[in-house]
There are 4 protein chains.
Amino acid sequence: MKPLGIGLIGTGYMGKCHALAWNAVKTVFGDVERPRLVHLAEANAGLAEARASEFGFEKSTADWRALIADPEVDVVSVTTPNQFHAEMAIAAHEAGKHVWCEKPMAPAYADAERMLETAERSGKVAVLGYNYIQNPVMQHIRTLLGEGAIGTVNHVRVEMDEDFMADPDVFFYWKSELAAGYGALDDFAVHPLSLLWYLFGHVEAVITDMVKPYADRPLSAGGRRAVENHDAANVLMRLGGGISAVLMANRAAWGRKGRIALQIYGSKGAILYDQERMNEFELYQADGRGSEQGFRKILAAPAHRPYDRFIPAPGHGLGFNDLKIIECRELIRAISGEPSSIVTFKDGLRIEKSVHAMAQSFHERRWIEIGRM
Amino acid sequence: MKPLGIGLIGTGYMGKCHALAWNAVKTVFGDVERPRLVHLAEANAGLAEARASEFGFEKSTADWRALIADPEVDVVSVTTPNQFHAEMAIAAHEAGKHVWCEKPMAPAYADAERMLETAERSGKVAVLGYNYIQNPVMQHIRTLLGEGAIGTVNHVRVEMDEDFMADPDVFFYWKSELAAGYGALDDFAVHPLSLLWYLFGHVEAVITDMVKPYADRPLSAGGRRAVENHDAANVLMRLGGGISAVLMANRAAWGRKGRIALQIYGSKGAILYDQERMNEFELYQADGRGSEQGFRKILAAPAHRPYDRFIPAPGHGLGFNDLKIIECRELIRAISGEPSSIVTFKDGLRIEKSVHAMAQSFHERRWIEIGRM
Amino acid sequence: MKPLGIGLIGTGYMGKCHALAWNAVKTVFGDVERPRLVHLAEANAGLAEARASEFGFEKSTADWRALIADPEVDVVSVTTPNQFHAEMAIAAHEAGKHVWCEKPMAPAYADAERMLETAERSGKVAVLGYNYIQNPVMQHIRTLLGEGAIGTVNHVRVEMDEDFMADPDVFFYWKSELAAGYGALDDFAVHPLSLLWYLFGHVEAVITDMVKPYADRPLSAGGRRAVENHDAANVLMRLGGGISAVLMANRAAWGRKGRIALQIYGSKGAILYDQERMNEFELYQADGRGSEQGFRKILAAPAHRPYDRFIPAPGHGLGFNDLKIIECRELIRAISGEPSSIVTFKDGLRIEKSVHAMAQSFHERRWIEIGRM
Amino acid sequence: MKPLGIGLIGTGYMGKCHALAWNAVKTVFGDVERPRLVHLAEANAGLAEARASEFGFEKSTADWRALIADPEVDVVSVTTPNQFHAEMAIAAHEAGKHVWCEKPMAPAYADAERMLETAERSGKVAVLGYNYIQNPVMQHIRTLLGEGAIGTVNHVRVEMDEDFMADPDVFFYWKSELAAGYGALDDFAVHPLSLLWYLFGHVEAVITDMVKPYADRPLSAGGRRAVENHDAANVLMRLGGGISAVLMANRAAWGRKGRIALQIYGSKGAILYDQERMNEFELYQADGRGSEQGFRKILAAPAHRPYDRFIPAPGHGLGFNDLKIIECRELIRAISGEPSSIVTFKDGLRIEKSVHAMAQSFHERRWIEIGRM
């Protein structure tokens, strides 16, 4: 079988992360073909060439359309800023390529809808880069929930916090413009929403509060400019099956670096997880003698598949970049028609619909029913 | 000076807790008079006598009105079930006694209002038993906030969780009756609300979601009965100064035993606290070199007053009952006309008003502005 | 039955702690007689009188021998500095009193031996204040070990660390004099040794290393003085049953405030405990599916007796001073001839023998067999 | 410049780990040449071919001497079982190759000495796979120590614990044979010793206790066989500069999975680290107001080089395998004659000398001075 030909558009952090995954996926998993790294596109030709050398790609270009037109390219990794996703993904699908696009789909919902339509028309694979669901610990949590390890889930809380906007003296930059989106909600909340979707299905109703910790910010050239979107958002939600949930997202939360803290309560126990300690989770099961019940801290281990493909011993730990390698293998499985655990454009669109509903519920100060798509 | 004569109504857990405080307050603090434990009332005369002996009271009675009429009693501890608070506190105040009443004031807001009116008319001290604010760690957090240690606070989250209603097989009992109140909201949420009030002032606007993890419960006599109130409540709030807050209260949260977890985010740092580890808190300050910034776990120490009155060495730990001793001394200071840190009936009424507003916002599915009382 | 008459010698921190216990023990436990606080002795007559008032004692004296001669005194709490223990305890026992003496017994082993001899001759109760064993969590750990919850124990580590000697700029004071003892070993290590004794029995063989983090210290009057004892000690040990153990004690360990960290490994699991978080412990049991095995954090709860006598709800926490109340009740039970959990002078002497053997093994740079007393 | 030609001997876990590193090093770091994966050797020819395909090597062989003879191979990764290290590393060095050999060097000290001699004679690079020192967090700890962030270090504790030998019902296998070495000491303790060396230099004096938690083990064929080496070892040590240290290593410690817990105490603070949470460390600094001093939990961040080459955002976490990529780059830098942070054969031999001294001190029941090599 001819190896998959890979094209990579964008060489920022996510571009590098995709490159690492394409380089490693065969060595880690063995059970897929080693992909052929064919073509890399980056706006600047010199940078494109340098990165192609670093990342191990055969060719480079400053024209991403040339990459998409390349017949040796079978899959296109789209890792450019969000506003370019729609154009590139649609072009790639129209050219008959599989697409692996970083999240979120697009700032405008209509663009995201077009992405899905084109993807479905193309018949090709269309995967979004929601890599947090790929953590073996998260996959094991899902297994535990399916087994009823904590009974029927009735309440969930999820917090996503970082602090890159926490300093009021940070200069105004594009992230605070309305054009960049709602703020914490689309910049951030899509990640915990992908976890909620993965574990429980889609959000059905929401009411949101959004806040601006800082009304304005200094301009590097002097003076100040009003902040146009919201660095923090809090959402009351109902999920399917009557589960109540609370989502809190804050990109101005001092001290938090990569926190996605999940609390899941069921009729027989509870599960806790925090992305900042992504190699462990806690499980409380209400069985046995009460005097010894407690939250059990469980370290990632080979039994939590596919941790075993990386390390044969427990407690040694995967890294953030390893999640992208797992996602890459799932993508390849999807391309091969095998069962796989991915966020498709269809699922991703539903996540983005939730985000828009949250913003609407804030502006209209009322609950919004999203319905089941 | 004549020692204060103490009357205690009720000898359940809170009655015992008051008794321990009255016995210990002088030995711990030295700077107050040793109270005289005069009279104890308990519905059953034999039990009253037994408890008076255990708790060190001189007299006992099955008639609480006799206690209130006792001229040797100066202060009345009211520790009976909530529905009796109003009648007893009002009678005590009318008899010219100081009152130390367990929280909340009363299930019905009108009763709580009458309690406040009578208290104010009497000119006597009227203190509610919100002991969590008395933790030296909490007092130190308040000091730090006042000093600007984390800058201007802009966001707060507080969770109060226990698991005594988490088992769906627990028989239906009075806590699930509508007559017992809203459920988690008044059973629980008043505690975190007292902390919010202590640190930030009153709640100004709310929207609430409430849930029944279990629609019905088994009856001990066979059959099942519908649960009438809500074991969990989630609230989006605005506090004074534009602080956004989220309150989550759940008495059906498996694994949580006495959790009151507080997250406070400001413009220069953050503070974390959890009542389950009441002898420590965490502080993040965004100063110094970034490569060494982190949440600092600070153990309770003599510098956190009045920890030093209990133990001269850091890291040795106070207990839950010690908080009541501190509250007792603050009460005595209030009686002496000294500055004290207490929750008065006036403050308590405002807390209860918030709770009623939360319930209303749930039923009307809209934001409620509480205003500033 | 006539209530026990209490005499208290010494009103420093431990004196206050005893006073709190004598005041509270009846209210907490109910099942003992309320003691009568008869006589308090303190070197300065004025201070003695003030403390008697604060602590609730009827009489005061500057002459501790008057207290011991007082026929209304049945039990004597000895809480003075270590060098006075022997004289006072011996006098009290000779006067036919029960004795509750703070640890350690005496700086010189011969004095400690005399204390035991006199105690045994008197036929009275002789209890040492090793209160850490009274923690309900520790008692429950002992129960679990007895039940075989972690199988047969084969390895133990215990660390006791504080930081009051960690600053090299602290002036030289008596704690650094040879006359004050070995340093960390007798100042500190007796506490973890009491836990090892409580859980596993006595130490059988040791080899020790001792260190002076700082060779000398500044004098408050100027100049410097050589430090004469060792702020840190590390010991390899063998306990009964072939258990290997490591003891580390350090009073110059920055950041540690009241740490007594215990690790217990057995053939079926492990138990962890740290005094700085005295209301919890961790239990690992190697049963069930491997993918969910982990250390379980168990919060103190009513099922861990006698926590229930203080608080009826789990997770609310006892304080350090509460341990002394439990010890006080065990003492009263011992006086009443009931089974009780205490460290007698006999057990205490064996602990001190271990300490002297450790120091010897350091000086002779060899293993010392202590034997079974 | 011609790319480095890589040969890999062995394809167990460590072989795979080396392969991942060789595949990723250029993409991660950019500043080195992309190596050429030339030749892979594995005892079984079919397996060799399969692994070469998986790992991306051009050629495969069942004869490792053919690999070493291959003129296109510049560097040889030796990842076979310990008893083969000496023969292969020596042959590689004699053939003029650079060698990257997994730790430890060899079971017999004389073999390890020969490895060093040959390496030095060859003038080629000779690196041991002590990857734990490559953790950016560990590198940052070293920087902090060098800056005096915790003053002068005076005491260190290190524990290395796993539980793969904790179950007494595990069948006897080669790890329990004397031929396999001392047990925990050489199987394990070399790792923490590499950290001690990296941070503080070499061990100068030791006394050791070693234990067999289980005297014998069941044989899979029935019957039992005596265990010949020690699953746990405890060592008192002196490092250079008068630092006292304690090393505890236990491969039968239930609940521990990949624990290497380090406590470092200095004159101005303390540092804590645990490999099971390799993306964080704790720092206590005794400065500022005492009431806010505490251990600060610091998450791995770009400022901790070279974390930034993997991820540009803090708190996202590296994995165990990433450490090998860093080591690989340091190896390449060493080959290029650039300054690098590696454990050479010379350093490794000194570590192994320490281990032999520890075993000797146990058998002779006395302190052994190792001296400074």
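Calculation notes
- Residues numbered from 1 in each chain as written.
- Chains lettered and ligands numbered in written order.
- Predicted model: local features only at pLDDT ≥ 70, side-chain atom pairs only at ≥ 80, totals over all residues.
- Heavy atoms only, no water.
- Helix = DSSP H or I, 4+ residues; strand = E, 2+ residues; numbered from the N terminus.
- Rg over C-alpha atoms; globule rule 2.2 N^0.38 Å.
- Contact = heavy atoms within 4.5 Å.
- Areas by Shrake-Rupley, 256 points an atom, 1.4 Å probe, with all protein chains shown as cover.
- Expected span 1.5 Å × (residues − 1).
- Buried < 20%, exposed > 50% of the residue type's maximum accessible area, 1.4 Å probe, protein only.
- Polar contact = N/O pair within 3.5 Å; in protein donor to acceptor, adjacent residues only side chain to side chain.
- Salt bridge = Lys/Arg side-chain N within 4 Å of Asp/Glu carboxyl O.
- Nonpolar A, V, L, I, M, F, W, Y, C, P; charged D, E, K, R; others polar.
- Domains from an automatic or database assignment.
- Buried area = accessible area lost by both parts, 1.4 Å probe.
- UniProt positions renumbered as here; feature names shortened; annotations may be inferred.
- Least-squares fit on C-alpha atoms with pLDDT ≥ 70 in both.
- Axes fitted to C-alpha atoms, helices over the stretch in contact; angles between N-to-C directions.
- Parallel < 35°, antiparallel > 145°, perpendicular 65-115°, else oblique.
- Left-handed = near helix turned anticlockwise from the far one by under 90°.

Chain A is annotated in an unreviewed UniProt entry as Myo-inositol 2-dehydrogenase from Rhizobium sophoriradicis.

Chemist: Go over the overall build of chain A, please, and point to the residues and values.
Modeler: Looking only at helices and strands, one finds 11 helices and 18 strands in chain A. Since a compact globule built from 373 residues should have a radius of gyration of about 21 Å, the 21 Å found for chain A is in line with a globular shape. When its C-alpha atoms are laid out on the principal axes, chain A stretches across 65 × 55 × 40 Å. Here the contacts in chain A between residues at least 6 apart in sequence split such that 68% fall between residues at least 24 apart. Carbon and sulfur atoms form 50% of the exposed surface of chain A, whose accessible area is close to 12,000 Å².

Chemist: Go over helix 6 (residues 136-147) of chain A with me, naming the residues and quoting the values.
Modeler: All names here are of chain A. Its 12 residues give helix 6 an end-to-end C-alpha distance of 16 Å, which sits within 8% of 16 Å, the value for a rise of 1.5 Å per residue. Of the positions making up helix 6, those classed as buried are Pro-136, Val-137, Met-138, Gln-139, His-140, Ile-141, Leu-144 and Leu-145. N-cap assignment for helix 6: the residue whose side-chain oxygen lies 3.0 Å from the backbone N of Val-137 is Asn-135. A positive phi of about 80° marks Gly-148, the residue just after helix 6.

Chemist: Any details on the side chain of Lys-324 of chain D? Residues and values, ideally.
Modeler: All names here are of chain D. Note on placement: Lys-324 falls in helix 10 (residues 320-335). Of the residues examined, Lys-324 reaches a relative accessible area of 0% and is grouped as buried. Discounting residues that sit within four places of it in the chain, Lys-324 has contacts with Met-14, Cys-17, His-18, Ala-21, Trp-100, Glu-102, Gly-129 and Asn-131.

Chemist: Outline the interface of chain B and chain A, supporting the account with residue identities and numerical values.
Modeler: Contacts between the two partners involve 46 residues from chain B, matched on the other side by 46 residues from chain A. Our enumeration of links across chain B and chain A arrives at eight salt bridges. Notably, a salt bridge pairs Asp-161 of chain A with Arg-157 of chain B, separated by 2.8 Å at the nearest N-O pair. At the boundary of chain B with chain A, the tally comes to 22 residue pairs in polar contact (both at pLDDT 80 or more). Residue assignment for the side of chain B that touches chain A shows that the elements contributing at least two residues are strand 7 (153-161), strand 8 (203-211), strand 11 (232-239), strand 12 (244-250), strand 13 (259-266) and strand 14 (269-274) of chain B. Classifying every residue of the side of chain B that touches chain A gives 22 nonpolar, 12 polar and 12 charged.

Chemist: A description of the domain arrangement of chain A should follow, citing residues and the corresponding values.
Modeler: Quoted interface sizes are often the accessible area lost when the parts come together. Residues and elements named next belong to chain A. In terms of domains, chain A is made up of domain 1 (5-124) and domain 2 (133-319 + 341-369). Counting residues at the interface gives 19 residues for domain 1 and 13 residues for domain 2. Of the roughly 1,400 Å² buried between domain 1 and domain 2, counting both surfaces, carbon and sulfur atoms make up 72%. The tally of links from domain 1 across to domain 2 stands at zero salt bridges.

Chemist: How would you summarise the UniProt feature "domain: Gfo/Idh/MocA-like oxidoreductase N-terminal" (unreviewed entry) in chain A if you had to cite specific residues and measurements?
Modeler: In the UniProt entry, the feature "domain: Gfo/Idh/MocA-like oxidoreductase N-terminal" (unreviewed entry) is given for residues 5-129 of chain A. Each end of residues 5-129 of chain A is marked by a C-alpha atom, and these two atoms are 19 Å apart; helix forms 49% of the span and strand 20%.

Chemist: So what about the interface of chain D and chain C? Which residues, and what values?
Modeler: Facing 46 residues of chain D, the contacting portion of chain C comprises 46 residues. Here chain D meets chain C over a buried area of about 3,500 Å², counting both sides, of which 53% is carbon and sulfur. Applying the counting rule to chain D against chain C returns eight salt bridges. Here Arg-365 of chain C and Glu-369 of chain D are joined by a salt bridge, their closest N and O atoms 3.4 Å apart. On the surface where chain D and chain C come into contact, there are 22 residue pairs in polar contact (both at pLDDT 80 or more). If you list the elements that add at least two residues to the side of chain D that touches chain C, you get strand 7 (153-161), strand 8 (203-211), strand 11 (232-239), strand 12 (244-250), strand 13 (259-266) and strand 14 (269-274) of chain D. In the side of chain D that touches chain C, the residues fall into 22 nonpolar, 12 polar and 12 charged.

Chemist: Give a detailed account of the relation of the copies chain D and chain C, specifying residues and quantitative values.
Modeler: Its rotation angle being 180°, the transformation that places chain D on chain C also includes 0.0 Å of axial translation and leaves an RMSD of 0.0 Å. Taken together, the rotation and translation relating the two chain copies correspond to the operation of a two-fold axis. Closest to the rotation axis within chain D is the C-alpha of Arg-366 of chain D, separated from it by 3.1 Å. When the interface residues of chain D are mapped onto chain C, 100% of them again fall at the interface, so both copies present the same face.

Chemist: How would you sum up the relation of the copies chain B and chain A? Please name residues and give values.
Modeler: The transform that puts chain B on chain A rotates by 180° and translates by 0.0 Å along the axis, for an RMSD of 0.0 Å. Of all interface residues in chain B, 100% are interface residues in chain A too; the two copies therefore contact each other through one and the same surface.

Chemist: Describe the packing of helix 1 (residues 13-29) of chain B against helix 1 (residues 13-29) of chain C, with residues and values.
Modeler: Between helix 1 of chain B and helix 1 of chain C, the shortest axis-to-axis distance is 10 Å and the interhelical angle comes to 155°. Between helix 1 of chain B and helix 1 of chain C, the angle falls in the class roughly antiparallel. Helix-helix and strand crossings are classified by hand; for helix 1 of chain B and helix 1 of chain C the assignment is right-handed. Note on element contacts: helix 1 of chain C touches helix 1 of chain B through Lys-16, Ala-19, Leu-20, Asn-23, Ala-24, Thr-27 and Val-28 of chain C, opposite Lys-16, Ala-19, Leu-20, Asn-23, Ala-24, Thr-27 and Val-28 of chain B. For the contact of helix 1 of chain B with helix 1 of chain C, the per-class residue count stands at eight nonpolar, four polar and two charged.

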